[in-house]
Amino acid sequence: LALGSQYVPAEEVEAWWLPLAKDLTYTCHEMYRRTESGLAPEISSFGQTMNAQSRHYRLRPETLESLFYMFRVTGNETYREWSWDIFQAINKHTRTNYGFAAVEDVDTVPVSLRDSEETFMGAETLKYALLVHLPPEALPLDRFVLNTEAHPVLIDGTIANS
């Protein structure tokens, strides 16, 4: 939604895209902020309140990815600050001698670690935690697209005939 609000032709953009993107990103951040460890539960439910349904944490990248794009689209430093807070919680609670580990319960500190590190931790989670803090000219989004593993791919401006 955020990228669409910036890169889709103006006459096709709908006014609700960016406000909804901001609200969704805020909710993702709150899932981290509201726990004892500062790490988000794997599954939450939403009703009158937001409740953790499964309290483990698998080092997922999606919130950091959203914060990266929201910062790039809006320029709002709050998204960088939230990213830094999440990175600090990851580093504090999940770092091991040889990498990082998943967490059993995000609301119990000190956390109990699982002997598990998903490949997306290095490919995406840490990459988005870094990218949000780089100057935009280091990876201009009008020249690069990030694939599903957050690898930058140069946009060459040509369209293949198929």
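To start, this report covers the structure provided alongside it. Everything quoted here is computed from the prediction, not taken from an experiment.

## Let's talk about the packing of helix H3 (residues 62-74) against helix H5 (residues 120-131)
Turning to step 1, where the next piece is worked out: Where H3 meets H5, the closest approach of the two axes is 8 Å, and the angle between their N-to-C directions is 25 degrees. As summarised for this structure, H3 and H5 are arranged roughly parallel, according to the angle between their axes. For H3 against H5, the interelement crossing comes out left-handed. Across the interface between the two elements, Leu64, Glu65, Phe68 and Tyr69 of H3 pack against Thr125, Tyr128, Ala129 and Leu131 of H5.

## Quick look at helix H4 (residues 77-94)
Given 3.6 residues per turn, any residue in an α-helix points the same way as the ones three and four places further on.
Turning to step 1, where the next piece is worked out: Here H4 contains 18 residues, and its C-alpha end-to-end distance of 25 Å stays within 8% of the 26 Å for a straight helix at 1.5 Å per residue.
Turning to step 2, where the next piece is worked out: Regarding H4, the residues found buried are Tyr79, Arg80, Trp82, Ser83, Ile86, Ala89, Ile90, His93 and Thr94.
Turning to step 3, where the next piece is worked out: For H4, the capping residue at the N-terminal end is Asn76, with a side-chain oxygen 2.8 Å from the backbone nitrogen of Thr78.

## Topic: the pattern of salt bridges
Turning to step 1, where the next piece is worked out: Per the stated rule, a full pass over the model turns up 8 salt bridges.
Turning to step 2, where the next piece is worked out: In this structure, Arg34 engages Glu30 in a salt bridge whose closest nitrogen and oxygen atoms are separated by 3.0 Å.
Turning to step 3, where the next piece is worked out: A relative accessible area of 3% places Glu30 in the buried class.
Turning to step 4, where the next piece is worked out: Salt-bridge contacts for Arg58 lead to Glu118; the nearest nitrogen and oxygen are separated by 2.6 Å. One end of the pair, Arg58, is in the loop between strand S2 (50-54) and H3; the other, Glu118, is in the loop between strand S4 (99-100) and H5, and 60 residues separate them in sequence.
Turning to step 5, where the next piece is worked out: The class for Arg58 is partly exposed, based on a relative accessible area of 24%.
Turning to step 6, where the next piece is worked out: On the basis of relative accessibility, which here comes to 24%, the residue Glu118 falls in the partly exposed class.
Turning to step 7, where the next piece is worked out: When salt bridges with common partners are traced through the structure, they connect Glu42, Arg58, Arg60 and Glu118 into a single cluster.

## Quick look at the packing of aromatic side chains
Turning to step 1, where the next piece is worked out: With the rule as written, the count across this model stands at 8 aromatic pairs.
Turning to step 2, where the next piece is worked out: An angle of 80 degrees between the planes, with centres 6.0 Å apart, marks the rings of Tyr32 and Tyr57 as edge-to-face. Taken as a pair, Tyr32 in helix H2 (residues 17-33) and Tyr57 in the loop between S2 and H3 lie far apart in primary sequence, 25 residues in all. Pair check on accessibility: Tyr32 and Tyr57 agree, each one buried.
Turning to step 3, where the next piece is worked out: Here the aromatic cluster, defined as three or more aromatic residues joined through ring pairs, consists of Tyr26, Tyr79 and Trp82.

About the criteria used
- Residues numbered from 1 in each chain as written.
- Predicted model: local features only at pLDDT ≥ 70, side-chain atom pairs only at ≥ 80, totals over all residues.
- Heavy atoms only, no water.
- Axes fitted to C-alpha atoms, helices over the stretch in contact; angles between N-to-C directions.
- Helix = DSSP H or I, 4+ residues; strand = E, 2+ residues; numbered from the N terminus.
- Parallel < 35°, antiparallel > 145°, perpendicular 65-115°, else oblique.
- Left-handed = near helix turned anticlockwise from the far one by under 90°.
- Contact = heavy atoms within 4.5 Å.
- Expected span 1.5 Å × (residues − 1).
- Buried < 20%, exposed > 50% of the residue type's maximum accessible area, 1.4 Å probe, protein only.
- Polar contact = N/O pair within 3.5 Å; in protein donor to acceptor, adjacent residues only side chain to side chain.
- Salt bridge = Lys/Arg side-chain N within 4 Å of Asp/Glu carboxyl O.
- Phe/Tyr/Trp six-rings, centres within 6.5 Å; stacked < 30°, edge-to-face > 60°.

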